[in-house]
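Here is what each chain is made of, one letter per residue.
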Amino acid sequence: MNSHGRPTRPADAEPTRHATFTGNRGLDMEEALIFETGRLDATGVDLEAPAPFSSRLGAHARREAIGLPGLTEPEAVRHYARLSRNNYSIDVGLYPLGSCTMKHNPRLNEKVARLPGFADLHPLQPVSTAQGALALIEALAEALLALTGMSAVAMSPKAGAHGELCGMMAIKAALAARGEDKTRSVVLVPDSAHGTNPATAALIGMSVRAVPADADGVVSADSVRAALAPDVGAIMLTNPNTCGLFERNIVAIAEAVHVAGAYFYCDGANFNAVMGKTRPGDLGVDAMHINLHKTFSTPHGGGGPGAGPVVFSERLARYAPAPRIVRSGDALALAEHAEDSEAFGRMSAFHGQMGMFVRAYAYILSHGGDGLKQASEDAVLAANYIRVSLADLMSAPFGDRPCMHEALFDDRWLKDSGLTTLDFAKAMIDEGYHPMTVYFPLVVHGAMLIEPTESESKASLDLFIMALRDLAMKAVSGERERFLAAPIHAPRRRLDETRAARQPVLRWTSPAPV
Amino acid sequence: MTETRFTKDHEYVRVDGAVGIVGISDHAQKQLGDVVFVELPAVGVKFAKGDSAAVVESVKAASDVFAPVSGEVVEANGAVDATPGLINEDAMAGGWLFKLRLANPGELASLMSLADYEAFLKTLA
Amino acid sequence: MRYLPLDTADRAQMLARVGVQTIDALFADIPAAQRLTTPLPLADGASEIEVERSLARLAARNVAAGSVPFFLGAGAYRHHVPATVDHLIQRSEFLTSYTPYQPEIAQGTLQVLFEFQSQVAALTGMEVANASMYDGSTACGEAMLMAHRVTRRRKAVLSGGLHPQYADVAATLGRMSDDEIIRRPLDPLAREDLAAAIDDETSCVIVQNPDFFGNLRDLAPIAAAAHAKGALLIAVFTEAVSLGAIRSPGEMGADIAVGEGQSIGNALNFGGPYVGLFAARQKHLRQMPGRLAGETVDADGRRSFVLTLSTREQHIRREKATSNICTNSGLCALAFSIHMTLLGETGLRRLANLNHAAAVDLATRLGAVKGVSVLNEAFFNEFTIRTPRDGAALIEDLAKRGIIGGLPVSRLAPGAGLDDLIVVAATEMTTAADRQAYCEALAQCLSSGATR
């Protein structure tokens, strides 16, 4: 008979939040920097020394220590596994960052991207040894053209902003071909645009002229006509726009832009809302990037990588950059030199984000045409469901108009609470949610942009709505402290960002000896 | 005697003789929040009224400071360069940005007096 | 559809709550004439089994680098990636998180970025590094633009040892903003006189080391020449492992050091995603592009990390930003950082030494093949050979014999008169047997080619 029992019910003791010796709190663990725990002589990789040989480094051999700490494999695994636990992620919870499209990242896509035939393939192998890779890029390109109704696609841009740059360079090349690149140096950009739009225009030496949106959140054709002038080379318009609205005057805008001799760049960051519902090619768009890491679910990876293929209209197709995939008989080849065509140049070395292409293509194959359309419809439905479910408590800048894939609120409803959008966002962290996008778009005061995506079940949406309703009621009923102190149930409380910016510490340096 | 005039962009210029001391108003520093960095003009640079003359940055915003009047920079405030927080603590005095030798003192008449500026701020609320 | 949780009943209830009859009512803002009424011309959705099968079929039509003796580099290198790296980067919290805009719940990513920046700064011998760029070529282009801002000049000199596609990227950027780009002729022997190309208008001189042809260059005299004219030296590297064996850009006086980080922790991936490394002198910090993670404290005084100096970036500075970059290469930077931590100083030096040893052995063997000469004096793990045959045809012949023998220079630089040159790389992944097989196949190709 076993005579050693143990308690199986909680003891009757009052909990205190005492400090712990380690600073850890159960599963919530502190982790030092590798520079503090690692050693110059520690390594987690067994590499044998080569047989003696005579160096050809000459006078170029490194003489000084580098200063790189090493960890053995178990230590390294623990370091990064622990760090990872301090991150919120889409796998763990609803991640309603408006404009960022945090949808489910299928692991199948990770698996196929790692097939040696894709992952272990060098970009400059003879093309005869990479026919499957070129075929995949071509198949993805064709799918993007089918979805957008456009004429050509440049696959090499590495992310959305890089795609914008690619599209605007093609526009500049087209203007140059007409001898108008010097005279048409202005780009029309609404104030609600992503910051990347004006930054991109500036990169190619164009200046920005703002176009106001109407009170209902969309740009009118009249505003565009009023801003159009002989010095305008292009308009950059996001559609659906950053307020989550479809630019319903887009066809008239495109027409006006074309009549005025300019080009229409569409920021396609929000294309995930309209797959199978409309095609940019039918709307009069000349160039548009597609964020594969948003619309086609390639993982955001804590900030990247992305991929930003750009689709072009017939008017711009010929200026698409190198490389291009070309057919010669049954075989595929690469046209790698811009000089051989009217291509405006090259965006990056090699052929684009192949690893992202494989994932995006797997996503497209998995959904099929119907599934992609359904994904867009579900995303829009979920956003509207949230919108109407919060409308009585929170204020919407553009009234009760249906939204596309994201619901936008402002901070008027917080006006008398003494709380800010940021306070509300931080309180969401304590409820186990990642905050929505805040303070963007800039045109809406204290903006809160909620994008639930199609990946949430109804139960998940309902719980989120109830949690936000509960918080909103607490916010307006004067429970200020919980908001001002928030978050308290997170790995960190609010950070001193002023200090970070006033005395930047951007790398580890060894502490001065005591 | 000194007089302080304000612009609608919330710069001030405090004039003492031929030289004006330029900074941003207390209202402006409150709107901006903690100032973390300033970019000041070099001595000798000439500005026309309304030219972008300096940049004041908080953590989440970068704000151009426009020359309230035309003139040549005769001094930049090294203290705010080293301690940008001075602008938050004392925008109207120790937190000044640069001094201009006025090119056209007549321009001062187009700027607001303190009373006018305070009235203007009320219209913004 | 397995990825969509809503079912028909859910959708009906939600539509009712929204107060519309049909889903199309929510798309009413799309002009009627432009609403798509026909199904998309794409296949129906496919099961996981089917998708896996069709992608495996495509993958099988490629010759994986690891399946043959493999000697190609030229900007992307086949190195061993420890299993730990790929395991850790697939953790949900790293893989499926966004840019760390809410630092309280993103300390994992932020601390990694801080460590990554510290590693890159150490490796390059520079004072500050950012949280990554897209890849080496775009980092190089951004460095040029940064030099323009720092010097307020707009003329860049590109070394003839710079990877031709890197030069193409810089030239494209330059042409689009009316900057002057001086491209020096390709320089296989590293004999160009760059100092003579620098004048009072020059903003920067961009030099790759090891260069495209594998030569090791002393950047110090070029730095001195650039500085004497008020220009910056931008040092480029495409093989990060080399920095474990050769002098760093910082030590030789570079003002900006940029490069490709793929070699550490990242697979070849047919060209992307890779990770651009970007490091500079502290005094030019405000002109740097890209995100920066910095140290601070939280409300409880605990050390924490946060994205900082964001006023340089597009989301705040808009048309006055230092770059338009937003998304970067976060996950690839994580892979780099993990692999670098596993290597440590000791491991990186050993790895570099192994690479150099393999290349020296290969160069010795190839140099002994009749008709083949090695051009380089000093090199790391890559060098250039001259053969009596057209390089492109030779590489095709070798591929038919199951050997990926390197890069014919003519592929990236047609018409440069360098059709007889092949750039060859060896890493820790090439075995002595591989090298022997290469030499034998090359000898056969040359003798059969010679009889044609």
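Residues numbered from 1 in each chain as written. Chains lettered and ligands numbered in written order. Predicted model: local features only at pLDDT ≥ 70, side-chain atom pairs only at ≥ 80, totals over all residues. Heavy atoms only, no water.

A. The overall build of chain C, seen in detail. In terms of helices and strands, chain C carries 13 helices and 13 strands. For a compact globule of 452 residues, the expected C-alpha radius of gyration is about 22 Å, and chain C comes in at 25 Å, within 12% of that figure. Projecting the C-alpha coordinates of chain C onto the three principal axes gives extents of approximately 80 × 55 × 50 Å. Within chain C, the 48 negative side-chain charges are centred at a point lying 2 Å from the centre of the 42 positive side-chain charges. (Helix = DSSP H or I, 4+ residues; strand = E, 2+ residues; numbered from the N terminus. Rg over C-alpha atoms; globule rule 2.2 N^0.38 Å. Lys, Arg positive; Asp, Glu negative; His and termini not counted. Charge placed at Lys NZ, Arg CZ, Asp CG, Glu CD.)

B. Representation of the pattern of salt bridges. Throughout the structure, instances matching the rule amount to 63 salt bridges over all chains. Of the charged contacts in the structure, one is a salt bridge between Arg-11 of chain C and Asp-378 of chain A, with a shortest N-O distance of 2.8 Å. Of this pair, Arg-11 of chain C sits in helix α1 (residues 8-18) while Asp-378 of chain A sits in helix α12 (residues 354-390), which puts the two residues in different chains. For the pair formed by Arg-11 of chain C and Asp-378 of chain A, the shared burial category is buried. A salt bridge links Arg-286 of chain C to Glu-57 of chain B, with the shortest nitrogen-to-oxygen separation between them at 3.2 Å. You can see Arg-286 of chain C sitting in the loop between β7 (276-280) and β8 (293-297) and its partner Glu-57 of chain B sitting in strand β6 (residues 52-58), one on each of two chains. Overall, the relative accessible area of 21% leaves Arg-286 of chain C in the partly exposed class. Of the residues examined, Glu-57 of chain B reaches a relative accessible area of 3% and is grouped as buried. (Salt bridge = Lys/Arg side-chain N within 4 Å of Asp/Glu carboxyl O. Buried < 20%, exposed > 50% of the residue type's maximum accessible area, 1.4 Å probe, protein only.)

C. How the structure looks around the environment of Lys-283 of chain C. Residues and elements named next belong to chain C. As for its position among the elements, Lys-283 is in the loop between β7 and β8. Taking the relative accessible area as the measure of exposure, Lys-283 reaches 69% and is therefore exposed. Sequence spacing of Lys-283 and Asp-255 is 28 residues, and the spatial spacing of their C-alpha atoms is 9.6 Å.

D. Expanded view of the side chain of Ser-89 of chain A. Examined against the element boundaries, Ser-89 of chain A turns out to sit in the loop between α2 (73-84) and α3 (107-113). Taking the relative accessible area as the measure of exposure, Ser-89 of chain A reaches 0% and is therefore buried. If near-sequence neighbours (up to four positions away) are discounted, Ser-89 of chain A is found in contact with Tyr-95 of chain A together with Ser-92, Glu-93, Thr-96 and Ser-97 of chain C. (Contact = heavy atoms within 4.5 Å.)

E. Focus on the packing of α2 of chain A against helix α10 (residues 330-367) of chain C. Two elements in contact, α2 of chain A and α10 of chain C, have axes separated by 9 Å at closest approach and are oriented at 150°. Considering their axes alone, α2 of chain A and α10 of chain C lie roughly antiparallel with respect to each other. α10 of chain C is crossed by α2 of chain A, and the crossing has right-handed handedness. On α10 of chain C, the residues touching Glu-73, Ala-76 and Tyr-80 of chain A of α2 of chain A are Leu-334, Ser-337, Ile-338, Thr-341 and Leu-342 of chain C. For the contact of α2 of chain A with α10 of chain C, the residue count by class is five nonpolar, two polar and one charged. (Axes fitted to C-alpha atoms, helices over the stretch in contact; angles between N-to-C directions. Parallel < 35°, antiparallel > 145°, perpendicular 65-115°, else oblique. Left-handed = near helix turned anticlockwise from the far one by under 90°. Nonpolar A, V, L, I, M, F, W, Y, C, P; charged D, E, K, R; others polar.)

F. Focus on helix α4 (residues 114-124) of chain B. Residue and element names in this part refer to chain B. Looking only at α4, the buried set comprises Tyr-117, Phe-120 and Leu-121. Viewed end-on, α4 has its buried residues packed into an arc of 105°, placing them on one side of the element. Set apart from the buried face of α4 by more than 90 degrees, the exposed residues are Ala-115, Lys-122 and Thr-123. Its buried side turned inward, α4 meets β1 (3-6) and α1 (26-32). (Arc of directions from axis to C-beta.)

G. The interface of chain B and chain C, seen in detail. Across the contact, 10 residues belong to chain B and five residues belong to chain C. Between chain B and chain C, a total of about 610 Å² is buried, with carbon and sulfur atoms accounting for 45% of that surface. On the surface where chain B and chain C come into contact, there are three salt bridges. Where chain B touches chain C, the interface holds four residue pairs in polar contact (both at pLDDT 80 or more). Of all the elements in the fold, those that place two or more residues in the side of chain B that touches chain C are β4 (35-39), β6 and β7 (62-66) of chain B. A total of three residues in the side of chain B that touches chain C trace back to one element, the largest contributor, which is β6 of chain B. Residues that form the side of chain B that touches chain C fall into these classes: five nonpolar, one polar and four charged. (Buried area = accessible area lost by both parts, 1.4 Å probe. Polar contact = N/O pair within 3.5 Å; in protein donor to acceptor, adjacent residues only side chain to side chain.)

H. Broad picture of unusual backbone geometry. The step from Phe-440 of chain A to Pro-441 of chain A runs through a cis peptide bond, and the omega angle for that step is 0°. Assignment of secondary structure puts Pro-441 of chain A in the loop between β11 (437-438) and β12 (448-450). At the junction of Asn-209 of chain C and Pro-210 of chain C, the peptide bond is cis and its omega measures out at -10° in the coordinates. Turning to its location among the elements, Pro-210 of chain C is positioned in the loop between β4 (202-208) and α8 (220-228). Within the chain, Ala-74 of chain C stands out as a residue other than glycine whose phi angle is a positive 55°. With respect to the helices and strands, the residue Ala-74 of chain C is situated in the loop between α2 (48-60) and α3 (83-89).

I. Focus on the domain arrangement of chain A. All names here are of chain A. The domain boundaries assigned to chain A delineate domain 1 (110-364) and domain 2 (368-490). Spacing between the C-alpha centres of domain 1 and domain 2 amounts to 30 Å. Taken residue by residue, the interface counts 26 residues in domain 1 and 21 residues in domain 2. Carbon and sulfur atoms supply 62% of the area that domain 1 and domain 2 bury against each other, a total of about 1900 Å² over both sides. Counting every contact that joins domain 1 to domain 2 gives one salt bridge. Close ionic contact of Lys-277 with Glu-377 constitutes a salt bridge, the shortest N to O distance being 2.7 Å. Across the contact surface, domain 1 and domain 2 share nine residue pairs in polar contact (both at pLDDT 80 or more). The residue inventory of the side of domain 1 that touches domain 2, partitioned by class, reads 13 nonpolar, nine polar and four charged. (Domains from an automatic or database assignment.)

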